[in-house]
Amino acid sequence: MSKIAPIVTDRPPLSRIIRVLEYIHQHLDEPLSVEQLAAKSCWSRWQLQRVFLHETGFSVANYVREIKLSRAAELLVATELRMIDIALLLGFGSEMSFSRAFKNMFDLSPRAYKKRGVLTGLRKPLEVTKVHHLPKGGKRLTQVRIETRAGFHFSGIDVEISGVLSPQPNFQQRVPLVWQQFHHSLADVKDAWPFKPTYLDAMLGVIDTTQVNLAGGNLRYWAALGHSMSSADMSAISQIITPFKTKYVPEQTYAVVTHRGPIRQLAATIEWFLLNWLPESGYRGLDGYELEVYPVKYDGSAEQACMEYWLPVMAKGESLG
């Protein structure tokens, strides 16, 4: 696909796209064709497609389909509605068309997804967030995912911090120092690393909230490498890398937000995530292990840097078991 030319940046298109998004979110029980949405906007079908893709990163049809099917996944797990009832409730013409679209998105049939009973692969509606470093207090659209991640081990170095919502936060001073120590230790032993990298390997910031007391005690922050390895490897790693400790994170459902921009602005993204998105999301936060997931060769000073923040959640009304 050829690159789309930039659209004027005075932001009126974003305001109009927000109105289209609001219409979509309020009418998920309708077919919502591109023609129908174009008629509700100020644009032709082609113009709507172009502006929508530019502002959101999605085609109109793909966005509508993913939001409908994500809602269907929630209904499958949380209710006893029949497949045909869910299909019709979300504007699909038949159970067959619904099942085909669902399997294309989740790689599972609706019946198999329901039987598994795990929320994962969901896309929540795009929402507006302020981006303070953009000119004139710019705004952008942000989408949160719901993912269930299998249990995994991580190995790293920990430090006590006061986090974003603490009365006297110190994470901006302490976290960079522990990452420096982590990379220095990792470089010293990289040739002796006792296991082969797998698709689970990732550079992680791990925030342990499981031991925080009700008086608002400090958090444990880990600069770490996430991995899968055997018990023998776990034993070997503690002997090879003296500063490193290894811990296990159990399977957990997370809300996932992408932070774009320099890492120094991550705190603003987390504040929006906790104070704005979460209370209205239909989910509630859990004490657990919050994750910062960094790509290979991440440059936290770059304006176009991109990483993810994973927050442990469960659907409101769901039992902890």
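Preceding this paragraph is the structure being described.
What counts as what
- Residues numbered from 1 in each chain as written.
- Predicted model: local features only at pLDDT ≥ 70, side-chain atom pairs only at ≥ 80, totals over all residues.
- Heavy atoms only, no water.
- Axes fitted to C-alpha atoms, helices over the stretch in contact; angles between N-to-C directions.
- Helix = DSSP H or I, 4+ residues; strand = E, 2+ residues; numbered from the N terminus.
- Parallel < 35°, antiparallel > 145°, perpendicular 65-115°, else oblique.
- Contact = heavy atoms within 4.5 Å.
- Nonpolar A, V, L, I, M, F, W, Y, C, P; charged D, E, K, R; others polar.
- Phe/Tyr/Trp six-rings, centres within 6.5 Å; stacked < 30°, edge-to-face > 60°.
- Buried < 20%, exposed > 50% of the residue type's maximum accessible area, 1.4 Å probe, protein only.
- Polar contact = N/O pair within 3.5 Å; in protein donor to acceptor, adjacent residues only side chain to side chain.

Novice: Any chance you could explain the packing of helix H4 (residues 60-78) against helix H6 (residues 95-106) here in plain terms?
Specialist: Each pair of packed helices can be described by the angle between their axes along with the distance between the axes. At their nearest, the axes of H4 and H6 sit 10 Å apart, and the two run at 95 degrees to each other. Overall, the two elements H4 and H6 adopt an arrangement that is roughly perpendicular. Across the interface between the two elements, Arg65, Glu66, Leu69, Ser70, Ala72, Ala73 and Leu76 of H4 pack against Phe98, Ala101, Phe102, Met105 and Phe106 of H6. Its residues assigned to classes, the contact of H4 with H6 shows 9 nonpolar, 1 polar and 2 charged.

Novice: What should I look at first to understand the packing of aromatic side chains in this one?
Specialist: For any pair of aromatic rings, the description rests on two quantities: the centre-to-centre distance and the angle between the ring planes. Using the criterion set out here, one finds 15 aromatic pairs in the structure. Relative to tyrosine 113, the ring of phenylalanine 102 lies with its centre 5.4 Å away and its plane at 85 degrees, an arrangement referred to as edge-to-face. Taken together, the residues phenylalanine 102 in helix H6 and tyrosine 113 in helix H7 (residues 110-116) connect sequence positions 11 residues apart. Across this residue pair, the class does not change: phenylalanine 102 and tyrosine 113 are buried. Here the aromatic rings of tryptophan 179 and phenylalanine 182 are separated by 5.3 Å at their centres, their planes lie at 80 degrees, and the arrangement is edge-to-face. Taken as a pair, tryptophan 179 and phenylalanine 182 lie in helix H8 (residues 171-189) at a separation of 3 residues, close to a single helical turn.

Novice: Looking at this model, I keep getting lost on the side chain of aspartate 208. Mind explaining?
Specialist: With respect to the secondary-structure elements, aspartate 208 resides in strand S6 (residues 202-208). Polar contacts involving the side chain of aspartate 208 include one to the side chain of threonine 210, which spans 2.5 Å. A polar atom in the side chain of aspartate 208 sits 3.3 Å from the side chain of lysine 247. Contacts of aspartate 208, omitting those with residues within four sequence positions, involve Leu219, Arg220, Trp222, Lys247, Gly288 and Tyr289.

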